[in-house]
Amino acid sequence: MGQTCSKCGHVAFPAQTYGCEVCGAYGDAVSTTLLEASGELQSYAQVTKHRGKPDAPFTIGEIRLDSGPYVRGLMTDTNSVDIQIGEKVVGVLIPTSDQDDAKSELRFASNKGQQND
Amino acid sequence: MTKALKDFRPVYVVGIGLHPYQFMGPTPYVELGLTAVRGALTDAGISWPDVESVYTGTALIGMATSRIMLRHLGASGVPMTQVENASASGSSAVRQAVLDVASGMTDISLGMGVDKPAIPQFAPSKTGIKNLDDGLVEPVSHFALLAERYMNDFGATIEDFARVVVKNSANGALNENAQKRKARSIEDILTEEPLSGAITPRQCCPIGEGAAAVIVASEDAIERLGIDRSRAIRVASSSLTSEQVYENASNFDAELTRVTAEEAMADAGVKASELDIVEVHDAFAIEELFYAEAIGLAKPGEAPAMLKAGAFDIGGDVAVSPSGGLLCMGHPIGPTGAGQIAEVTRQLRGEAGPSQHAGAKVGMTHMVGIGAVCAVHILKNDN
């Protein structure tokens, strides 16, 4: 979920209710919107040492969503050799590894030859 | 109408003092801070009751740092305030001292920083806003992402990042106030296991402890107290800005730096090409390359080639982080920005000993604090 400002048109991620970071509009002027989890990979980093969860290694991607905002999240692939800056990526829902928690988490994956619902 | 520092009366750095930066040990912050302030008073040749306001940059010690520490100089009743601005705390403390003197509220003020390592309380994690990258992107990974992009865009390599460490470790080895004093080779970095992306441990600054103090004064005070005018270094500008929304720039640290440095240089009437000394916020080696370009010392993508050619060495075109920078002098948080101003002052006085960049007349200090804010000062030797 992201946020759109009806006063200046700024689209932001993540959603929050405090006010628009560009023009300061708040209240009814800002509304939460569904942002398509697709965009272009700006950069990535394979994390080999990390304090806390998740356990390393994992790969972080920085994605510029088609709707504008930059987001950072986990890539599906923990081995970054197959991903390239500039390629299209989409969000996929992956079941979390925590067995007690039947939730899923959003990760990003390369969009080449791969379609997701 | 708003004014810049140049529109007020001149302000000079007249005293500097440091407690060497060091790995965490048993020394109480009181001793760290007093060592730096007594050093600065001696350097200026003035006494504690001459100081009319005090700002202490500190992010990790806790409430009420200043008076508990400084009462041991004699409880003079001087106004005291703590300044917390993340990594830019010390820079911001000195800025407040400068503004007091510039405005005429005081003739002599002290801006200092002191800290000891502690688990920080981070405001950005308490906003109540859930994000996709919560707990995912530590600072090292933030810079690993930016480094990967930089390598992709400009063909830079890990050797280029290693050369920043080689230069700054050689500089740190010459600086008796530096936390890390061992000169490193490119191989020392290339043989390390990465932490995240291309970033290895020696490309990251150490967090330690220490203190730095900067005494600033008006011309009236220099005259009245007989302070050595030939060692007084003018604060030509002081800029502090906060991050805006940069719709097309994911490297907001660099964009924020560009905006702040431009303002500081315009206020001081100085071009990037006229800077002799630049102390940048190189908490990670890659940052030196980003900020050298953002400040205008190099064109986009050209900082690695300039670094390799020796342009940023002591004795090069512009000495970048001749103190060793955050990478090797260290980054004790509160003191760091004040320490940069002390180090640039040493250089502009021609008192930097083995680290001296010959003929240094104009210097810049630069710190970014998470959030983000950016503080840039320009100092000039008018003599």
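Just above, that's the structure.
This text gives an overview of the structure that appears in the document. Bear in mind the structure is a predicted one, so any value in this text is a computation, not a measurement.

**So, the overall build of chain B**
Within chain B, the secondary structure is distributed over 12 helices and 10 strands. Relative to its length of 383 residues, chain B is compact, with a C-alpha radius of gyration of 19 Å against a globular reference of 21 Å. Projecting the C-alpha coordinates of chain B onto the three principal axes gives extents of approximately 60 × 45 × 45 Å. Here chain B, with 383 residues, has 60% of them falling under the buried criterion. A sequence separation of at least 24 residues applies to 77% of the contacts in chain B between residues at least 6 apart. On chain B, roughly 14,400 Å² of surface is accessible, and the fraction owed to carbon and sulfur atoms is 53%. One finds the centroid of the 30 positive side-chain charges in chain B at a distance of 4 Å from the centroid of its 46 negative side-chain charges.

**Quick look at helix α9 (residues 285-295) of chain B**
Residues and elements named next belong to chain B. Across the 11 residues of α9, 11 count as buried, placing the element largely inside the fold. Along α9, the residues classified as buried are Ala285, Ile286, Glu287, Glu288, Leu289, Phe290, Tyr291, Ala292, Glu293, Ala294 and Ile295. Positive phi shows up at Gly296, right after α9, with a value of about 105°.

**Brief notes about the nonpolar core**
Residues and elements named next belong to chain B. Core analysis: the largest hydrophobic core is formed by 71 residues, its most contacted members being Leu275, Ile286, Ile295, Leu297, Phe312, Met364 and Ile378. Excluding anything up to four places from it in sequence, Leu297 contacts Ala272, Leu275, Val278, Ala292, Met306, Phe312, Val318 and Val320. Counting residues in each nonpolar core, the second largest holds 31 residues, with Tyr29, Leu34, Ala40 and Ile227 among its members.

**Remarks on the environment of B:Arg224**
Residue and element names in this part refer to chain B. Within the secondary structure, Arg224 sits in helix α7 (residues 219-225). A relative accessible area of 53% places Arg224 in the exposed class. When the C-alpha positions of Arg224 and Val259 are compared, they lie 38 Å apart, and in sequence the two are 35 residues distant.

**Description of the layout of surface pockets**
Taken as a whole, the second largest pocket spans an internal volume of roughly 650 Å³. Around the second largest pocket, the lining is made up of 20 residues, and of these A:Pro54, A:Leu74, A:Thr96, A:Glu105 and B:Leu136 lie nearest the centre. For the lining of the second largest pocket, the secondary-structure elements that each account for two or more residues are β6 (70-74) and β8 (104-110) of chain A. Looking at the lining of the second largest pocket element by element, the count peaks at 3 residues for β8(A). For the lining of the second largest pocket, the per-class residue count stands at 8 nonpolar, 5 polar and 7 charged.

**Regarding the packing of helix α8 (residues 252-268) of chain B against α9(B)**
Residues and elements named next belong to chain B. Viewed as axis vectors pointing N to C, α8 and α9 meet at an angle of 40°, and their least axial separation amounts to 8 Å. With respect to α9, the element α8 is oriented oblique. Seen from above, α8 lies across α9 with right-handed handedness. Residues Asp253, Ala254, Thr257, Arg258, Ala261 and Met265 of α8 pack against Phe290, Tyr291, Ala294 and Ile295 of α9.

**Observations regarding the packing of aromatic side chains**
Residues and elements named next belong to chain B. By the definition in use, this model includes 3 aromatic pairs over all chains. Joined through ring pairs, the aromatic side chains of Tyr150, Phe154 and Phe290 make up one cluster. We note Lys3 situated over the ring of Phe8; from NZ or CZ to the ring centre the distance is 5.5 Å.

**Some points on the pattern of salt bridges**
In this structure the tally under the stated criterion is 23 salt bridges over all chains. A:Arg72 is the salt-bridge partner of A:Glu62, the closest N and O atoms lying 2.8 Å from each other. Here A:Arg72 lies in strand β6 and A:Glu62 lies in strand β5 (residues 58-65), a separation of 10 residues in the sequence. As far as burial versus exposure is concerned, A:Glu62 and A:Arg72 are alike and both buried. The salt bridge partner of B:Lys116 is B:Glu209, with a shortest N-O separation of 2.6 Å. Taken together, the positions of B:Lys116 in the loop between β4 (108-115) and α4 (139-154) and B:Glu209 in strand β5 (residues 209-217) put the pair 93 residues apart, joining distant regions of the chain. We classify B:Lys116 as buried; its relative accessible area is 18%. You can call B:Glu209 buried: its relative accessible area is 0%. Beyond isolated ion pairs, a larger network of salt bridges with shared partners links B:Arg9, B:Asp107, B:Asp220 and B:Arg224.

**A look at the interface of chain B and chain A**
Listed by partner, the interface residues are 29 residues for chain B and 32 residues for chain A. Across the chain B to chain A interface the summed buried area is about 2,600 Å²; carbon plus sulfur atoms make up 55%. The largest contributions to the chain B side of the interface with chain A come from B:Leu132, B:Leu136 and B:Leu145, which together make up 26% of the buried area. Across the contact surface, chain B and chain A share 1 salt bridge.

The rules behind the values
- Residues numbered from 1 in each chain as written.
- Chains lettered and ligands numbered in written order.
- Predicted model: local features only at pLDDT ≥ 70, side-chain atom pairs only at ≥ 80, totals over all residues.
- Heavy atoms only, no water.
- Helix = DSSP H or I, 4+ residues; strand = E, 2+ residues; numbered from the N terminus.
- Rg over C-alpha atoms; globule rule 2.2 N^0.38 Å.
- Buried < 20%, exposed > 50% of the residue type's maximum accessible area, 1.4 Å probe, protein only.
- Contact = heavy atoms within 4.5 Å.
- Areas by Shrake-Rupley, 256 points an atom, 1.4 Å probe, with all protein chains shown as cover.
- Lys, Arg positive; Asp, Glu negative; His and termini not counted.
- Charge placed at Lys NZ, Arg CZ, Asp CG, Glu CD.
- Core = buried A, V, L, I, M, F, W, Y, C linked by side-chain atoms within 4.5 Å.
- 1 Å grid on protein atoms, 1.4 Å probe; cavity = no way out; pocket = protein on both sides within 12 Å on 5 of 7 lines; lining within 4 Å.
- Points joined across faces, edges and corners; volume = space filled by probe spheres on them.
- Nonpolar A, V, L, I, M, F, W, Y, C, P; charged D, E, K, R; others polar.
- Axes fitted to C-alpha atoms, helices over the stretch in contact; angles between N-to-C directions.
- Parallel < 35°, antiparallel > 145°, perpendicular 65-115°, else oblique.
- Left-handed = near helix turned anticlockwise from the far one by under 90°.
- Phe/Tyr/Trp six-rings, centres within 6.5 Å; stacked < 30°, edge-to-face > 60°.
- Lys NZ or Arg CZ within 6 Å of the ring centre and 35° of its normal.
- Salt bridge = Lys/Arg side-chain N within 4 Å of Asp/Glu carboxyl O.
- Buried area = accessible area lost by both parts, 1.4 Å probe.

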